[in-house]
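# A structural walkthrough
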Amino acid sequence: MQDILQSLVLAVNLVFSGDSDLFEIIGLSLRVSFSAVVCSVVLGLPLGSLMAVGNFRGRQSLMIVLNSLMGLPPVVVGLVVYLFLSRSGPLGWMELLYTPTAMIIAQVVLITPIIAALSQEILSQLYEEYDEQFRSLNVPRWIAVRALLWDARFNLVTVSLAGFGRAVAEVGAVMIVGGNIDHLTRVMTTAIALETSKGNLALALALGLILITISLIVNASLFFVKIRSEQHARSQ
Amino acid sequence: MSKTSNPPAIPIYGNPLPLEVEALYHCINGRNLIDGLNLKLETMGITVVMGSNGAGKSILLRLIHGLLQPTSGSIKWGGEMIGPAIRQSQSLVFQKPILLRRTVSQNLEFVLKLPQNQSKKRPNPNGEGLAMGDQLLKMVGLRSKSNQLARSLSGGEQQRLALARALATNPKVLLLDEATASLDPASISIIEGIVCKQKLLGVKVIIVTHDLAQAKRLADDVVFMSRGRILENTSAETFFSQPNTQVARDYLSGNLSFEETNAS
């Protein structure tokens, strides 16, 4: 209990002391995770839409694969991305290993299946509802997809939040491909892991509390944006 | 709602008839829900399809609209096999309206902006120069609610919106699947009025209903179904005064047997 209280005080002190290292770490964490979410939304939503409205061979298999990939172990993802980006790997020439870009790539691999599978679930339900009407009206497939994405937009924001939550809390993959290099690839989670290994439990816990707070603030902000948008739509 | 006069001799949208259905089967899990059905409709006006629950009325409506694929048999409109091109000239209003999660006007705009509908010109019955969406909303009495979310409307209002949306495609054939079931009398009256106007404009209307009074008000001819087959296809006057089959007589008198209702 004493440790937790001490950590809480330390966390508050860290934030209000204006520690530039801390803000650098927070900034990088947010930049990496937001970039990963944006990339995953760009990749995952079309994939989810395709599976929701598409009627192609291998659709069921793809869904099973995607659902399985939702539970990918981050360390394994980190290892695979490491092998691809390492100097002897197929993408070694890009020299991305131990850069924030490598961390973004690893997080994209981790959360794209989550966004694709969850959006597929949401869009499938809506498509099932609209399907007969769309076919009756001869709605072209691309217009149907656009309509589904628009009508499910509030639920899809929640899906993106789930992806962000997974990305910002992830440590294994970013540790492997980022290397936890000070002032370059150190993010909140890798800093927590480092401080824990050094025995600075209070500092690690303080960083953890800050991470949770940031995550709460981001989620709450987007949640209120979602609520306001829904209210706006209703009041029109 | 009083029954309207005869349909116009020259339909303004072009005659989609005859509808020719031959040896039609629709089988699900080994059961013939449509069982070797033959049907020919050659006259414009309003055809009412009647029959007990499970007789296959709604399935027939979906089959002739091309939403369901028959197990075997053929369906032709104006000599052409049913397909997307034919379906484009038809509109179906479902028993439970399927509305987008948008406002009333956005639901209409969605249909009006579909590529296949943008080139279609709709005659303005009021001649007031209103935008097409506004014309349709005015027609169904929802113009004052155009900015309201469609799903917040009452059941009757939602169905009127569904009808307006169906008309936004300028259909040659309007299909209604128990579209007024469980609606309030005012909404039923509005919908029936619009249906009658469409008939006068030369739209072929096919209605599935259980409402005998409505059928008597609207029908020019009646198709009576039982167990996936058509037992009677005759003028409304003949059907209601001298039904040919015992099943139809029982149905009209409300004495349809338990076996008939469940087996079909």
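Up top is the structure these notes are about.
The structure contained in this document is the topic of the report that follows. (Residues numbered from 1 in each chain as written. Chains lettered and ligands numbered in written order. Predicted model: local features only at pLDDT ≥ 70, side-chain atom pairs only at ≥ 80, totals over all residues.)

## Things to note about the sheet that holds strand β4 (residues 72-77) of chain B
- Pairing is antiparallel in the open sheet, where four strands are placed in the order β2-β1-β4-β5 (chain B). Single-partner strands in this sheet number two, and they are β2 (31-41) and β5 (80-81) of chain B. (Pairing = 2+ DSSP bridges. Helix = DSSP H or I, 4+ residues; strand = E, 2+ residues; numbered from the N terminus.)

## Here's the deal with the pairing of β4 of chain B
Residue and element names in this part refer to chain B.
- Pairing of strand β1 (residues 19-28) with β4, which is carried by five bridges, proceeds in the antiparallel orientation. Bridged to valine 21 within β4 is isoleucine 75.
- The pairing of β4 with β5 spans two bridges and is antiparallel. Directly across from tryptophan 77, in β5, lies its bridge partner glutamate 80.
- Counting the residues in the hairpin turn of β4 and β5 gives two residues, including glycine 78, whose phi is positive at 55°.

## Some details on the interface of chain B and chain A
- Contacts between the two partners involve 19 residues from chain B, matched on the other side by 16 residues from chain A.
- Contributing elements (two or more residues each) for the side of chain B that touches chain A: α2 (84-87), α3 (104-112) and α4 (115-118) of chain B.
- Among the residues making up the side of chain B that touches chain A, the classes are represented as ten nonpolar, six polar and three charged. (Contact = placed C-beta atoms within 7 Å. Nonpolar A, V, L, I, M, F, W, Y, C, P; charged D, E, K, R; others polar.)

## Concerning the nonpolar core
- Val49, Val140, Leu163 and Ala164 of chain B are the most contacted members of the largest nonpolar core, which totals 75 residues.
- In terms of residues, this core owes the most to one element, helix α6 (residues 155-167) of chain B, which gives six residues.
- When residues no more than four places from it in sequence are discounted, the contact partners of alanine 164 of chain B are Leu108, Leu136, Leu137, Met139, Val140 and Leu142 of chain B.
- One finds Val37, Val108, Ala152 and Phe164 of chain A within the second-largest nonpolar core, a separate group that totals 55 residues. (Core = buried A, V, L, I, M, F, W, Y, C linked by C-beta atoms within 7 Å. Buried ≥ 20, exposed ≤ 12 C-beta atoms within 10 Å, placed from the backbone.)

## Some remarks on the sheet that holds strand β6 (residues 90-93) of chain B
Residues and elements named next belong to chain B.
- The sheet built from six strands is open, its strands ordered β6-β7-β8-β3-β9-β10 with mixed pairing. Lying at the two open borders of the sheet, with one neighbouring strand each, are β6 and β10 (229-235). When the angles between neighbouring strand axes are averaged without regard to direction, this sheet yields 15°.
- Bridge count between strand β7 (residues 173-177) and strand β8 (residues 204-208): five bridges; the pairing is parallel. Paired with leucine 174 across the strands is valine 205, a residue of β8. (Axes fitted to C-alpha atoms, helices over the stretch in contact; angles between N-to-C directions.)

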